[in-house]
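Residue strings, one per chain:
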Amino acid sequence: MKIGIYYFTRTGNCKRIAEKIGEKLNLEVYPIKDDVDWTGFKAYFKFQSYAKGKKKMKITYHDTDKLDRFILVSPVWGSRMPPTVKLFLENIPMEKVDMVVSSKMDKMRGIEDANRIVHIKQYSSGEDEKIEEYIKTFV
Ligand SMILES: Cc1cc2nc3c(=O)[nH]c(=O)nc-3n(C[C@H](O)[C@H](O)[C@H](O)COP(=O)(O)O)c2cc1C
């Protein structure tokens, strides 16, 4: 089974989590990039325009062809997935996706069809334990 680990990040939490998972599974991790500047407080307002489809973005990511399963590490934005991640998932069936989400407190809505959902709270001391627990599902 070919697994691809992808992440989207603004402030580094999802990159860190993806890298920890990648290290344990001995797999490379790939960023999902867009053409939007998400720096600063503006991001909180800006993302609404993209989420509502008022603005369009372009994304780039490592080839997903021939992958059987995806591990997608994503922050929660407005209780949902960021528009960048939504676009990434446009042509990928959710049954193939393990969603590993990072947030201040909220769970991510709209991902009920995912193969697996792992929720990791930002700054939580249980991050490594949650990752460990998740990794066990691969053996
Ligand atoms: C635009 C925006 C919206 C967010 N919305 C939520 C939210 O609805 N609930 C929540 O618990 N955290 C929310 N957060 C916090 C992020 O999910 C959290 O900081 C996450 O760890 C960020 O991951 P990153 O460092 O990989 O970007 C939001 C952050 C941003 C920038």
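Bear in mind that the values here come from a model prediction, so they are computed numbers and not experimental data.

**Q** Please provide a residue-by-residue account of the overall build of the protein chain, values included.
**A** The helix and strand inventory of the protein chain stands at four helices and seven strands. For 139 residues, the compact-globule estimate of 2.2 N^0.38 gives 14 Å, and the C-alpha radius of gyration of the protein chain, at 14 Å, lies within 12% of that figure. The burial tally for the protein chain puts 27% of its 139 residues in the buried class. Look at the contacts in the protein chain between residues 6 or more apart in sequence, and 65% of them connect residues 24 or more apart.

**Q** Could you give me a rundown of the sheet that holds strand S1 (residues 3–7), with the residues and numbers involved?
**A** Sheet strands associate in pairs through backbone hydrogen bonding, adopting either a parallel or an antiparallel arrangement. With parallel pairing, the five strands of this open sheet are ordered in space as S2-S1-S5-S6-S7. On the outer flanks of this sheet lie strand S2 (29–31) and strand S7 (116–121), each paired with one strand and no other. Geometrically, the sheet is characterised by an average inter-axis angle of 20 degrees between neighbouring strands, direction not taken into account. When S1 meets strand S5 (residues 69–75), the two strands line up parallel, connected through five bridges. What sits directly across from Ile-5, in S5, is Ile-71. On top of the sheet, helix H1 (residues 13–25) reaches S1, S2, S5, strand S6 (97–103) and S7; it is set at about 150 degrees to S5, its chief contact.

**Q** Break down the environment of Lys-2 for me, citing the residues and quoting the values.
**A** Here Lys-2 is to be found in the segment before S1. Sequence separation of Lys-2 and Arg-69 is 67 residues, and the distance between their C-alpha atoms is 6.4 Å. Those residues within four positions of Lys-2 in sequence are excluded, and the remaining contacts are Lys-66, Leu-67 and Asp-68.

**Q** Any chance you could break down the site of the ligand for me, citing the residues and the numbers?
**A** Taken together, 20 residues are adjacent to the ligand, and Thr-9, Thr-11, Asn-13, Cys-14 and Pro-75 come closest. Looking at the shell around the ligand, the element that brings in the most residues is helix H2 (residues 43–51), giving three residues.

**Q** Can you break down the environment of Phe-47 residue by residue, with the values?
**A** Secondary-structure assignment places Phe-47 in helix H2. Look at Phe-47 and you get buried, because 20 C-beta atoms sit within 10 Å. As for Phe-47 and Gly-126, which are separated by 79 residues in sequence, their C-alpha atoms are 29 Å apart. Dropping the residues within four chain positions of it, Phe-47 is found in contact with Trp-77, Gly-78, Pro-82 and Pro-83.

**Q** Could you give an account of the pairing of S5, naming the residues involved and the relevant values?
**A** Summarising burial for S5: six of the seven residues are buried, a large majority. Here S5 runs beside S6; their pairing, made up of six bridges, is parallel. What sits directly across from Phe-70, in S6, is Val-97. The parallel pair S5 and S6 is bridged by helix H3 (residues 83–88), and the resulting crossover is right-handed.

**Q** Describe in detail the nonpolar core, supporting the description with residues and values.
**A** Core analysis: the largest hydrophobic core is formed by 29 residues, its most contacted members being Tyr-7, Ala-18, Leu-72, Val-73 and Val-100. The set of elements that each furnish at least two residues to this core consists of S1, H1, H2, S5, H3 and S6. Those residues within four positions of Ala-18 in sequence are excluded, and the remaining contacts are Ile-5, Tyr-7, Val-29 and Val-73.

Calculation rules
- Residues numbered from 1 in each chain as written.
- Predicted model: local features only at pLDDT ≥ 70, side-chain atom pairs only at ≥ 80, totals over all residues.
- Helix = DSSP H or I, 4+ residues; strand = E, 2+ residues; numbered from the N terminus.
- Rg over C-alpha atoms; globule rule 2.2 N^0.38 Å.
- Buried ≥ 20, exposed ≤ 12 C-beta atoms within 10 Å, placed from the backbone.
- Contact = placed C-beta atoms within 7 Å.
- Pairing = 2+ DSSP bridges.
- Axes fitted to C-alpha atoms, helices over the stretch in contact; angles between N-to-C directions.
- Near = placed C-beta within 6 Å.
- Right-handed = clockwise from strand over helix to strand, strands pointing away.
- Core = buried A, V, L, I, M, F, W, Y, C linked by C-beta atoms within 7 Å.

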